[in-house]
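Here are the chains, one letter per residue:
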Amino acid sequence: VMYYNIALLPKKTAECCGYPISIFFIVVNEFCERFSYYGMRAVLVLYFRYFLLWDDDLATSIYHAFVALCYLTPILGAIIADSWLGKFKTIIYLSIVYAIGQVTMAISTIHDITDANRDGTPDNFTFHIALSMLGLILIALGTGGIKPCVAAFGGDQFQEHQSRQLNTFFSVFYLCINAGSLLSTLITPVLRVVFIAGSGMYVKTDPEGNIMWSVCKCIGFAIKNRFRHRSSSYPKREHWMDWANEKYDKLLIAQIKMVLKVLFLYIPLPMFWTLFDQKGSRWTLQATTMSGDFVSILISTVNPILILTLVPIMDRLIFPLIQKCGLNFSPLKRMTVGMLFAAMAFVSAALVQIEIDKTLPNFPSSSESQLKVVNTYSRTLNVTISPNEHLLIESFGVQLHTSKHTYSTISRMFVNGYTADLNITNLDSIEPSATTNYTLVNQGKRDFVLRHGEQWCEFSRKFGFGASYTFLIPSTVFSDDCESITEVEDMKPNSVHMALQIPQYFLITTGEVMFSVTGLQFSYSQAPKNMKSVLQAGWLCTNAVGNIIVLIVAELGKLPKQWAEYLLFASLLVAVSIIFSIMAYFYTYIDPAEIEAQVRKEQGLEPEEMEKETLEMEEKDEDQKNEQGVKQTKI
């Protein structure tokens, strides 16, 4: 057999500061994509809670179902990129799907579409729910589909002499993710066109065949073949994947062994994401039961701010300092410490929740109810409630409280004690001796104008965050210029300050830097060249499984106290961290390129020829192959 060796020189790419110029386009694209995603996700659970009027558990469940879908679709993106379009076109086309989803989601929030009577409330919630779910599905397909491609596509731009820059790239890449999150309210998603502008500079690798499908078939054959030869009369093989030797190439089997070795290590990892992604659901809802003005803006941006601060500090100061001290702080050890930091964050969240619970009113249970009695008479009244409970209510006074309200804003109700209809700012006309429904207003000072014909008066009140008020309007309201309006504070404002959440955000972000950034780099470094998208998809799937765990706990757990749920998650993560540290202790780091070269050498083939053989080899019938006694390949 004669082999013709053709030297394939890598494409010379323009560089800046040692980095391929094309990297800057990829980094900017990632910034814009994350801006678009996090800008929407930051308010998603509040949209569910206060626009679609879902309860906390349903809002949390749908939120995490969406996030889980975003991290399951990378499998689809990896298949499309590797077997059909290639990474570049996959990113472009799925970004279009992504943009359509964002537009659809935005349209679903316009209540005027179905608000025929213009009362501020949609008349057809089914329409808005259906449209928002369609938008979320398209967004999940878009953002999830490009996830495994962008990081791997960025890694493809580097050449062998740029190994140091390649390691730094993943830290910069993660910085851009969080910079996009931080500035998501300032810049528009349309900047994603920057990615297309760098098209001529990219190193674009052609699709290499459906590697995901080849991996699945090879694994399936190995399992089936091992089961057929389960008798003790057959000699054991070094690895169970070696049972695929009869049909599949040794290089492909060696690559799958490397991938499976890392995927096995991923098994405990979803628990980290179970805790981490709750900062967008449970922690957001926790913040709505707290007080704070400008701090609420700080809380929403503290995670990306800390990321932008901690990544360079860890990369340039902490990790090198630990290394100089002679400590082996390997990537897997960093990830273990990151998981423990996340567990501490949830302990901190539990302590904050305990303080919040001390300030919350006691609501009636499912077997109880409450009654509010309002006295609009000019004198004190003695009210008897059957069988023999007596209430002494002063003129324009209130006894008891009736309803559970939402905490994030302020609810207020007006009781009309005037002798005629009244018009109040932003409310319908109120008949005499009637009440308005509880309505929500933003905190701070608010002005109200009362009108009856030509008579009018204005009054102002400052509302506390999370409070509930009832305003009693007497018959003399216009004669004393609204001074006689009585304010009843049904529920006190939130008193636990949002600043108490900062420690838990600091701890979870420190854990994220050690866990997520390191894991992203680890996944790329331990993957064979043609399976980097596959392993990136596997890494992202751990996030999906983590969100599914939250979904299950939110729907089935139903723990009576939220702080108990926080402690449950923290305890589970500590237990998982111990398991992961044991698994990491026995893990041996590998150089995929070295292993692949060794397999090629054993088969006596040149690198380019062997790679083509792996990608283009056609499967042959096993019986026919046994008769021929040779492995037929197409080179």
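- The name an unreviewed UniProt entry gives the protein is Solute carrier family 15 member 1a, with Cyprinus carpio as the organism.
- According to the UniProt record, the Sequence similarities (unreviewed entry) comment for the protein is "Belongs to the major facilitator superfamily. Proton-dependent oligopeptide transporter (POT/PTR) (TC 2.A.17) family."

## A short note on the overall build of the protein
For step 1, the next point in the chain: Across its full length, the protein holds 19 helices and 13 strands.
For step 2, the next point in the chain: Each of the 635 residues in the protein was classed as buried or not, and the buried ones make up 49%.
For step 3, the next point in the chain: Look at the contacts in the protein between residues 6 or more apart in sequence, and 75% of them connect residues 24 or more apart.
For step 4, the next point in the chain: In the structure as shown, the protein presents an accessible area of about 30900 Å², 60% of it carried by carbon and sulfur atoms.

## Observations regarding a negative patch on the surface
For step 1, the next point in the chain: Together, Asp447, Glu458, Asp481 and Glu483 give the surface a local cluster of negative charge.
For step 2, the next point in the chain: Within the element layout of this structure, Glu483 appears in the loop between strand E12 (468–473) and strand E13 (486–491).

## What about a nonpolar patch on the surface?
For step 1, the next point in the chain: On the surface, Leu69, Leu72, Leu76, Ile137, Leu141, Ile548, Ile552 and Leu556 cluster together to form a nonpolar patch covering roughly 660 Å² of accessible area.
For step 2, the next point in the chain: Counting residues per element, the ones that place at least two in the nonpolar patch are helix H3 (56–72), helix H5 (125–156) and helix H15 (532–557).
For step 3, the next point in the chain: Broken down by element, the nonpolar patch gets its largest block of residues, three residues, from H15.
For step 4, the next point in the chain: A relative accessible area of 44% places Leu76 in the partly exposed class.

## A few points about the nonpolar core
For step 1, the next point in the chain: With 112 residues, the main nonpolar core has Leu44, Phe48, Phe66 and Trp539 as its most contacted residues.
For step 2, the next point in the chain: Setting aside its immediate chain neighbours within four residues, Phe48 contacts Leu53, Trp54, Ala59, Ile62, Tyr63, Met133 and Leu136.
For step 3, the next point in the chain: Among the nonpolar cores identified, the runner-up in size contains 21 residues, and Leu422, Leu450, Cys457 and Ala467 belong to it.

## Focus on the pairing of strand E11 (residues 455–463)
Regular strands have side chains that alternate between both faces of the sheet.
For step 1, the next point in the chain: Relative to E11, strand E10 (residues 444–452) is paired through nine bridges, and the arrangement is antiparallel. For Lys445, the partnering residue across the bridge sits in E11 and is Lys462.
For step 2, the next point in the chain: Connecting E10 to the next strand, E11, in antiparallel fashion are two residues, including Gly453 with a positive phi near 65 degrees.

## Some points on the state of the cysteines
For step 1, the next point in the chain: Overall, the coordinates contain one disulfide when judged by the stated rule.
For step 2, the next point in the chain: There is a disulfide in this structure between Cys457 and Cys482, and the S-S distance comes to 1.8 Å. Looking along the S-S bond of the Cys457-Cys482 disulfide, the torsion reads about 65 degrees, which is the right-handed sense. Of the two residues, Cys457 is situated in strand E11 and Cys482 in the loop between E12 and E13; the sequence distance between them amounts to 25 residues.
For step 3, the next point in the chain: Among the residues examined, Cys457 registers a relative accessible area of 1% and is labelled buried.

## Focus: the pairing of strand E5 (residues 389–393)
For step 1, the next point in the chain: With five bridges connecting them, strand E4 (residues 381–385) and E5 associate as antiparallel partners. Its bridge partner lying in E5, Asn382 is registered against Leu392.

## Notes on the environment of Phe569
For step 1, the next point in the chain: Relative to the assigned elements, Phe569 resides in helix H16 (residues 562–585).
For step 2, the next point in the chain: Taking relative accessible area as the criterion, Phe569 reaches 1% and is therefore assigned buried.
For step 3, the next point in the chain: Separated by 227 residues in sequence, Phe569 and Ala342 place their C-alpha atoms 9.9 Å apart.
For step 4, the next point in the chain: Sequence-distant contacts of Phe569, defined by excluding residues within four places in its chain, comprise Met271, Thr274, Leu275, Gln278, Phe346 and Val553.

## Notes on the environment of Phe515
For step 1, the next point in the chain: Mapped onto the elements, Phe515 comes out in helix H14 (residues 502–525).
For step 2, the next point in the chain: A relative accessible area of 0% places Phe515 in the buried class.
For step 3, the next point in the chain: Along the chain, Phe515 and Val337 lie 178 residues apart, while their C-alpha atoms are 7.7 Å from each other.
For step 4, the next point in the chain: Other than its neighbours up to four places away in sequence, Phe515 contacts Leu269, Phe272, Trp273, Met335, Gly338, Met339 and Trp539.

## Brief notes about the sheet that holds E10
For step 1, the next point in the chain: Pairing is antiparallel across the open sheet formed by three strands, whose spatial order is E8-E10-E11. Looking at the sheet topology across the chains shown, the edges are occupied by strand E8 (423–424) and E11.
For step 2, the next point in the chain: Two elements, E8 and E10, share two bridges in a ladder whose sense is antiparallel. If you follow Asn423 over to E10, its bridge partner there is Arg451.

## What about the packing of helix H9 (residues 250–266) against helix H17 (residues 592–603)?
For step 1, the next point in the chain: With their axes 10 Å apart at the nearest point, H9 and H17 run at an angle of 155 degrees to one another. On the basis of the axis angle, H9 is roughly antiparallel to H17. H9 and H17 meet at a crossing whose hand is right-handed. Judged by residue contacts, Lys250, Leu251, Ala254, Gln255 and Met258 of H9 engage Pro592, Ile595, Glu596, Val599, Arg600 and Gln603 from H17.

## Topic: unusual backbone geometry
For step 1, the next point in the chain: Of note, Asp481 is a non-glycine position whose phi angle comes to about 55 degrees, a positive value.
For step 2, the next point in the chain: Among the secondary structure elements, Asp481 is positioned in the loop between E12 and E13.
For step 3, the next point in the chain: We classify Asp481 as partly exposed; its relative accessible area is 45%.
For step 4, the next point in the chain: Phi at Cys482 is positive, roughly 70 degrees, even though this residue is not glycine.
For step 5, the next point in the chain: Relative accessible area serves as the criterion here: at 3%, Cys482 is assigned to the buried category.

What counts and how
Within any chain, residue numbers begin from 1 and follow the written order of that chain's sequence. Restriction of local features to residues with pLDDT of at least 70 applies here, the model being predicted, together with a cutoff of 80 or more for giving and counting side-chain atom pairs; totals for whole chains, interfaces and linings are based on all residues. Side-chain measures were taken over the full set of non-hydrogen atoms in the model, leaving aside hydrogen atoms and water. UniProt positions are given in the numbering used here, feature names are shortened, and annotations may be inferred rather than shown by experiment. By definition, any uninterrupted DSSP run of H or I lasting at least four residues is a helix, any uninterrupted run of E lasting at least two residues is a strand, and each is numbered from the N terminus. Using a 1.4 Å probe on the protein chains alone, a residue whose accessible area is under 20% of its type maximum counts as buried, one over 50% counts as exposed, and one in between counts as partly exposed. Note on contacts: a residue pair is in contact if any heavy atoms of the two residues lie within 4.5 Å. With residues, only the protein chains shown are counted as cover, and all accessible areas are computed by Shrake-Rupley using a 1.4 Å probe. Only residues above 30% relative accessible area that lack a salt bridge enter a patch, with like-charged residues linked at up to 9 Å and the nonpolar side chains Val, Leu, Ile, Met, Phe, Trp and Tyr linked at up to 5 Å. Salt bridge criterion: a side-chain nitrogen from Lys or Arg within 4 Å of a carboxyl oxygen from Asp or Glu. Note that His is not counted, nor are the chain ends; the positive residues are Lys and Arg, and the negative ones are Asp and Glu. Where a charge sits is defined by one atom per residue type, namely NZ (Lys), CZ (Arg), CG (Asp) or CD (Glu). Among buried residues, those of type Ala, Val, Leu, Ile, Met, Phe, Trp, Tyr and Cys that are joined through side-chain atoms within 4.5 Å constitute a nonpolar core. Between any two strands, at least two bridges found by DSSP are needed for them to pair. Disulfides are defined in this document as cysteine sulfur pairs within 2.5 Å. Simply put, an axis is a line fit to the C-alpha atoms, just over the touching stretch for a helix, and the angle between two N-to-C directions goes from 0 to 180 degrees. Each angle is binned into one of four classes, with values under 35 degrees roughly parallel, values over 145 roughly antiparallel, values of 65 to 115 roughly perpendicular, and all other values oblique. Two helices that cross are described as forming a left-handed crossing if the nearer one is turned anticlockwise from the farther one by less than a right angle, and a right-handed crossing if clockwise.

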